[in-house]
Amino acid sequence: MDYQYVWTVFRSRRNVVATWAWMLVLTILPSIGFILYLFFGRQLSHDEIFAIQEEQKKVQRHYLAEQRDMLKEHDLLPEKERLPRVRMLSELNLNNDDAILTFDNQVKVFISGPELFYQMITDIKNAKKSVSLEFYTFYSDQLGHRALKALEEAAANGAKVRVIYDTSGSRGTKPSFFDHLRELGGEAQPFISTSKKHWFTTPRLNYHLHRKLVIIDHHIGYIGGFNIGDQYVNKSPKFGHWRDTHLRVIGQSPILMEVRFAMDWNTSIRRTNLPKFELKELKPFTVNRKDINDNKNVAMQIVSSRPDNQHYGIRRGYEGIIAGAKKYIYIQTPYLISEESILEALIIAANSGIDVRIMVPCMPDHPFVYRATEYYAKYLVALGVKVYKYNDGFIHAKTMVSGSNIFSVGSANQDFRSYTLNFEVNSFNYNPALTQELKKIFEKDLDKCTLLINDYFAQQSSWLKFKQYFSRLLSPIFNEKPSIGLSDGGFTLYFKNAVLFLYLFFISYIAMITIKK
């Protein structure tokens, strides 16, 4: 083994578990492992990190001074409504992620793709000033063409249209897909870490834009788990019914969603001739504090996570919700590959008499990830956490609901990738009526679920259990679909099959060694 490979991994600043997983790969399969590391393990360059952090600093200086002063004076929340859990969580998000707390928001919950995209596309078509849109997946299928046509209509009517998309998540969508939008004055740009132009010089498959944001005319915002593609409107034979959660927000928080978009846009276009998103374009922002128990106004924070810092905003927000729970914690996630801190918090809560329930899919969108999810589900079930398998199609929602007035909806899954490797965004919300609505949605979904018990896992075959253990071992590395995101679908398929072959080879190799011993 060439120890320079191991040193390359060892000197990189990353999670200890991921470091040891990579060292295992490089030790057993040194040559192949190093090739995989080039694609999956390389971190963002110092140049990219500097560009992202510079944009972040500009926004901090522009928007945070007033709210920090209110925090110091203990005046951020109304005196009579200063509930311990809300205060703790809102201050955590503000101090840890610079997440400004807004109060003046009207929110509608969508769990149906057709209903969501009908409303979203209608809002885009009616845009008068601007549309800022960023998605992990923007497919060039039927729904993709509907969304693109709406964007083109908005641009033709004089709205400033900007689109950011992740090339890996948008496999098959060529840059030319947006040509007519550009002709009408709109702009579309691949995200910073997935530009096809630089793919062969930076062959990196991590650090994806996983956010799903739309901001229209600076005051209508969409945030949640849906992407743009036919499978998200129940048109996939493989997945059938697609169960997800998204929010439509009118008020102050869309301004902060657009701040997030502006930072992503400015870092993504820095090597192009496209104009920057100037902060003066945004609607003036002032804190309009209101009663957090007023059901007509939802208090909300926009919290993001990104691999260029070690604040882990969304993960720590999740930990804050779990740590403060008194009665129940309901979680929906397509992937359950959590870090030890989350796992331990859930186990402590469950063994302290709190009703902890987690809902995961009944089918995989990628076998490797699903086997790791099964492993962690079995682990949690054995230690008192209730885990449910959703049987009515594929559940892709990323939600956490707890108590009388706290819930989170966004793009972040309960996995290593969302915690540390992807660019994610969640809303943390404080409102009694909407919290109860999300709680009732979860409880209604339980009617379509199977409660997983210890006997369910005990009856599984030894081979399946082995795959679960092995998938868990490497989950910090490959806990999402591997793909390079090139427009050549054949090469993408080839690469995916190659990774699958290496995965099966690795399993067989370990199994052979185990049998011999």
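Structural data are supplied above this passage.
Residues numbered from 1 in each chain as written. Predicted model: local features only at pLDDT ≥ 70, side-chain atom pairs only at ≥ 80, totals over all residues. Heavy atoms only, no water.

Engineer: Quick question: what am I supposed to make of the overall build of the chain here?
Structural biologist: Of regular secondary structure, the chain possesses 18 helices and 20 strands. Taking all 517 residues of the chain together, 62% fall into the buried category. Contacts in the chain between residues at least 24 apart in sequence constitute 82% of all its contacts with a sequence separation of at least 6. By element, 55% of the accessible surface of the chain is carried by carbon and sulfur atoms, the whole surface being about 20,600 Å². (Helix = DSSP H or I, 4+ residues; strand = E, 2+ residues; numbered from the N terminus. Buried < 20%, exposed > 50% of the residue type's maximum accessible area, 1.4 Å probe, protein only. Contact = heavy atoms within 4.5 Å. Areas by Shrake-Rupley, 256 points an atom, 1.4 Å probe, with all protein chains shown as cover.)

Engineer: What exactly am I supposed to notice about the pattern of salt bridges here?
Structural biologist: Pairing is possible between side chains of opposite charge, provided their charged atoms come close. Evaluation of the coordinates by the stated rule reveals 15 salt bridges. A salt bridge links D123 to R248, with the nearest nitrogen and oxygen atoms 2.8 Å apart. Here D123 is found in helix α7 (residues 113-125), whereas its partner R248 is found in strand β9 (residues 246-251), with 125 residues between them in sequence. An identical accessibility class is assigned to D123 and R248; each is buried. Where D264 meets R260, a salt bridge forms, and the shortest distance between an N and an O atom there is 3.3 Å. Taken together, the residues D264 and R260, both in helix α10 (residues 253-268) and four residues apart, mark about one turn of the helix. Each member of the pair D264 and R260 is classed as buried. In the salt-bridge network here, residues are joined through shared partners; they are K160, R162 and E187. (Salt bridge = Lys/Arg side-chain N within 4 Å of Asp/Glu carboxyl O.)

Engineer: Sorry, what's going on with the pairing of strand β7 (residues 220-224) here?
Structural biologist: On a regular strand, one side chain projects to one face of the sheet and the next to the other, so that they alternate. Among the five residues that make up β7, five are buried, leaving the element largely enclosed by the rest of the structure. The side-chain alternation of β7 yields two buried faces, one formed by I220, Y222 and G224 and the other by G221 and I223. Here strand β6 (residues 212-216) pairs with β7 via four bridges, running antiparallel. From the neighbouring strand, I216 faces β7, where its bridge partner is I220. The hairpin turn running from β6 into β7, its antiparallel successor, is three residues long, and D217 in that turn takes a positive phi close to 55°. Bridging between β7 and β9 involves five bridges; their strand directions are antiparallel. Across the sheet, residue I223 finds its bridge partner in β9, namely L247. (Pairing = 2+ DSSP bridges.)

Engineer: Hey, could you run me through the sheet that holds strand β14 (residues 386-390) in this one?
Structural biologist: Either a parallel or an antiparallel arrangement is found when strands of a sheet pair, and the pairing is made through backbone hydrogen bonds. A sheet is described by the order of its strands in space; here nine strands give the open sequence β1-β10-β19-β17-β16-β11-β13-β14-β20, paired in mixed fashion. With one partner strand each, in any of the chains shown, β1 (101-102) and β20 (449-452) form the two edges of the open sheet. The sheet strands contacting helix α6 (residues 84-97) are β1, β10 (299-305), β16 (399-402), β17 (406-410) and β19 (424-430), and the helix crosses β10 at an angle near 40°. Here α10 sits on the sheet in contact with β1 and β10, set at roughly 10° to β10. (Axes fitted to C-alpha atoms, helices over the stretch in contact; angles between N-to-C directions.)

Engineer: Would you take a moment to explain the side chain of R357 for this structure?
Structural biologist: For R357, the position within the fold is in strand β13 (residues 355-361). Within the structure, R357 has its side chain in polar contact with the side chain of D355 (distance 2.9 Å). (Polar contact = N/O pair within 3.5 Å; in protein donor to acceptor, adjacent residues only side chain to side chain.)

Engineer: For this particular structure, what's the right way to read a positive patch on the surface?
Structural biologist: Among the surface-exposed residues, K125, R146, K149 and K235 lie close enough to one another that they form a single positively charged patch. When you line up the elements, R146 lands in helix α8 (residues 142-156). A residue is classified by how much of its surface remains accessible, and R146, at 40% relative accessible area, is partly exposed. (Patch = residues over 30% accessible without salt bridge, like charges linked within 9 Å, V, L, I, M, F, W, Y side chains within 5 Å. Lys, Arg positive; Asp, Glu negative; His and termini not counted. Charge placed at Lys NZ, Arg CZ, Asp CG, Glu CD.)

Engineer: Would you mind going over the packing of aromatic side chains with me for this structure?
Structural biologist: Each aromatic ring pair is specified by the distance between its two centres and by the angle formed by the two planes. Tallying each qualifying case throughout the model produces 19 aromatic pairs. Each ring, one from F138 and one from F177, has its centre 5.9 Å from the other, and the planes form 70°; the classification is edge-to-face. One end of the pair, F138, is in the loop between β3 (130-135) and α8; the other, F177, is in the loop between β4 (160-165) and α9 (179-183), with 39 residues separating them in the sequence. Judged on exposure class, the residue F138 and its partner F177 are both buried. Ring geometry for F261 versus W265: centroids 6.2 Å apart, planes at 15°, classification stacked. (Phe/Tyr/Trp six-rings, centres within 6.5 Å; stacked < 30°, edge-to-face > 60°.)

Engineer: Help me understand the packing of helix α12 (residues 340-350) against helix α13 (residues 367-382), please; the structure alone is not making it clear to me.
Structural biologist: Relative orientation and spacing of two packed helices are given, respectively, by the angle between their axes and the distance between those axes. Two numbers describe how α12 lies on α13: the axes approach to 10 Å, and their chain directions differ by 30°. By the angle between their axes, α12 is roughly parallel relative to α13. Crossing hand, α12 versus α13: right-handed. Residues L343, E344 and I347 of α12 pack against Y376, Y379 and L380 of α13. Classifying every residue of the contact of α12 with α13 gives five nonpolar, no polar and one charged. (Parallel < 35°, antiparallel > 145°, perpendicular 65-115°, else oblique. Left-handed = near helix turned anticlockwise from the far one by under 90°. Nonpolar A, V, L, I, M, F, W, Y, C, P; charged D, E, K, R; others polar.)

Engineer: What should I look at first to understand α7 in this one?
Structural biologist: Think of an α-helix as turning once every 3.6 residues; residues three or four places apart then point the same way. With 13 residues, α7 extends 18 Å between its outermost C-alpha atoms, agreeing within 8% with the 18 Å of an ideal straight helix rising 1.5 Å per residue. Along α7, the positions that sit buried rather than exposed are G113, L116, F117, M120, I121, D123 and I124. End-on, the buried residues of α7 take up no more than an arc of 160°, which puts them together on one face. Across α7 from its buried face, at more than 90 degrees, point the exposed residues E115 and Y118. Of the surrounding secondary structure, the elements contacted by the buried residues of α7 are β2 (105-110), β3, α8, β6, β7 and β9. (Expected span 1.5 Å × (residues − 1). Arc of directions from axis to C-beta.)

Engineer: Hey, could you run me through the sheet that holds strand β5 (residues 187-190) in this one?
Structural biologist: What the seven strands build is an open sheet, ordered β2-β9-β7-β6-β3-β4-β5; its pairing is mixed. Lying at the two open borders of the sheet, with one neighbouring strand each, are β2 and β5. On average, each strand axis in the sheet is tilted by 10° relative to the strand beside it, whichever way the strands run. Along the sheet face, α8 touches β3 and β4 and points at about 150° away from the line of β4.

These figures capture arrangement, not role.
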